[in-house]
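Below, each chain spelled out in residue letters.
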Amino acid sequence: MAAVSARLPVFPWDKLEPYKTTAAAHPDGIVDLSVGTPVDPVPQLIRDALVAAADSPGYPTVWGTPALRDAITGWLRGRLGASAAGHRNVLPVVGSKELVAWLPTQLGLGAGDKVAYPRLAYPTYEVGARLCGAEAVVYDDPTELDPAGLKLLWLNSPSNPTGKVIPKDELVRIVAWAREHGILVFSDECYLELGWEAEPVSVLHDDVCGGSYEGLVAVHSLSKRSNLAGYRAAFIAGDADVLGELLEIRKHGGMMTPAPVQAATVAALGDDAHVEEQRARYAARREALRTALEAHGFRIEHSEASLYLWVTRDEPCWDTVAHLAELGILVAPGDFYGEAGARHVRVAFTATDERVAAAVKRLA
């Protein structure tokens with residue numbers, strides 16, 4: 001058993017525990033801006049849909065109900081501009097993290113294959129490569145990579161941790177390059193509905209992919225837009241051949257989204273009002289923290305989208321973590337996301353209004 005776990009890096013969040021203890025000792029309690037987990041209530045219409053489907057004694061299907069596939073394809077066409085999306089272009093998954101971690105294995109990748117992801121990135125891209133024994137490679141511009149042996153290219157826009165958005169013309173260029181070299185592109189777009197100073201665009205948008213999803217798959221989650229992190233509600237969309245292969249593998253593996261969660265997802269994708277309400281909450285928290293951090297001497301870089309501020313004061317990231325922990329504020333060190341983040345920290349604005357106000361007061 002140790003042979004598999006030995007391939008993996010140390011779980012990064014364990015390193016933060018001593019600083020969490022320091023922050024928790026603040027007289028007014030900790031303000032946890034590290035993980036970025038939703039804290040606001042699940043919208044009532046989603047809870048109602050979950051409860052209404054609670055009497056679900058039979059096994060759910062891996063592909064999801066026709067109602068779920070209708071909801072996903074309708075959202076893809078209406079929100080992403082993916083006008084050709086049909087049922088064969090969608091597949092529900094049990095939260096996006098399991099998909100990211102197990103995708104290279106399910107694609108049959110292994111020794112001699114390469115998996116590429118941004119130099120600053122969500123750590124699970126690397127974990128997925130390591131689990132199957134593939135080589136993990138990082139990039140600043142993916143089109144500068146050696147395409148030999150490169151089987152899977154991860155894009156992430158808006159970025160976690162930086163909040164950077166890949167412009168539409170850049171996506172067009174990258175997609176053309178990947179198709180030229182026969183490289184499968186998976187685009188992690190879980191923060192797409194949280195653009196602040198830029199409008200994120202999907203690789204499935206007609207203007208990017210030319211109306212064809214060949215070699216392209218987008219990853220989407222309801223955790224952020226609908227406060228459903230606890231539901232593990234997510235889906236992938238794109239190349240029908242790739243999704244068909246994954247469907248067969250996942251059927252054998254029993255990777256089924258629970259029936260009540262499928263019903264809740266239908267309700268969530270059919271309502272825009274709760275998304276706008278949540279965006280407004282996050283926008284206010286983002287502005288308050290941004291102003292306070294800049295007044296405290298920090299510089300904000302990128303951060304035009306997502307749920308995070310990418311912050312630096314030109315010192316080692318763990319020094320910043322320690323400084324803020326003394327104020328009772330816990331943030332994520334930038335080196336969790338790659339060596340290029342060694343002088344930054346990631347500040348989530350997912351805390352409650354009361355906790356954000358407490359952080360603003362302490363930073364003053």
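Since the structure is predicted, the reported quantities are computational estimates derived from the model, not experimental observations.

## Digging into the packing of helix α4 (residues 66-79) against helix α10 (residues 259-269)
Two elements in contact, α4 and α10, have axes whose closest approach is 9 Å; the angle formed by their N-to-C orientations is 30°. Our classification of the angle between α4 and α10 gives roughly parallel. Once α4 is placed against α10, the crossing between them reads as left-handed. Taking contact as the criterion, the partners of Ala67, Leu68, Ala71, Ile72 and Trp75 in α4 are, on α10, Gln262, Thr265, Val266 and Leu269. When the residues that make up the contact of α4 with α10 are grouped by side-chain class, the tally is 7 nonpolar, 2 polar and no charged.

## A few points about unusual backbone geometry
Of note, the amide linkage connecting Ser157 to Pro158 takes the cis form, showing an omega dihedral of -5°. Positionally, Pro158 belongs in the loop between β5 (150-156) and α7 (168-180). Located in the positive-phi region is Asn227, a residue other than glycine, with phi close to 60°. Among the structural elements, Asn227 can be located in the loop between β7 (216-221) and β8 (234-238). Positive phi is not limited to glycine here, since Ser306 has a value of about 80°. Positionally, Ser306 belongs in the loop between β9 (299-301) and β10 (308-312).

## Let's talk about the sheet that holds β9
Taken together, the 4 strands give an open sheet; going across it, the order is β9-β10-β13-β12, and neighbouring strands pair in antiparallel fashion. Every interior strand has two partners, whereas the edge strands, β9 and β12 (332-333), have only one. Each of β9, β10 and β13 (345-348) touches helix α11 (residues 273-295); the most contacted strand, β10, lies at about 5° to it.

## Examining the pairing of β5
Burial analysis of β5 places 6 of its 7 residues in the buried class, which makes it a mostly covered element. With 3 bridges joining them, strand β3 (residues 114-118) and β5 adopt parallel strand pairing. Residue pairing across strands places Ala116 opposite Leu153, the latter belonging to β5. Relative to strand β6 (residues 184-188), β5 runs parallel, the two sharing 5 bridges.

## Some thoughts on the sheet that holds β3
Pairing within the open sheet is mixed, and its 7 strands lie in the order β2-β8-β7-β6-β5-β3-β4. Whereas interior strands pair on both sides, the edge strands pair on one side only; in this sheet they are β2 (90-93) and β4 (135-139). Across the sheet, the mean angle separating the axes of adjacent strands is 20° when strand polarity is ignored. Against the sheet, helix α5 (residues 96-106) makes contact with β2, β3, β5, β6, β7 and β8, and its axis sits at roughly 160° relative to β5, the strand it touches most.

What counts, and where the lines are drawn
Residues numbered from 1 in each chain as written. Predicted model: local features only at pLDDT ≥ 70, side-chain atom pairs only at ≥ 80, totals over all residues. Heavy atoms only, no water. Axes fitted to C-alpha atoms, helices over the stretch in contact; angles between N-to-C directions. Helix = DSSP H or I, 4+ residues; strand = E, 2+ residues; numbered from the N terminus. Parallel < 35°, antiparallel > 145°, perpendicular 65-115°, else oblique. Left-handed = near helix turned anticlockwise from the far one by under 90°. Contact = heavy atoms within 4.5 Å. Nonpolar A, V, L, I, M, F, W, Y, C, P; charged D, E, K, R; others polar. Pairing = 2+ DSSP bridges. Buried < 20%, exposed > 50% of the residue type's maximum accessible area, 1.4 Å probe, protein only.

Keep in mind that these numbers describe shape and distance, not what the molecule does.
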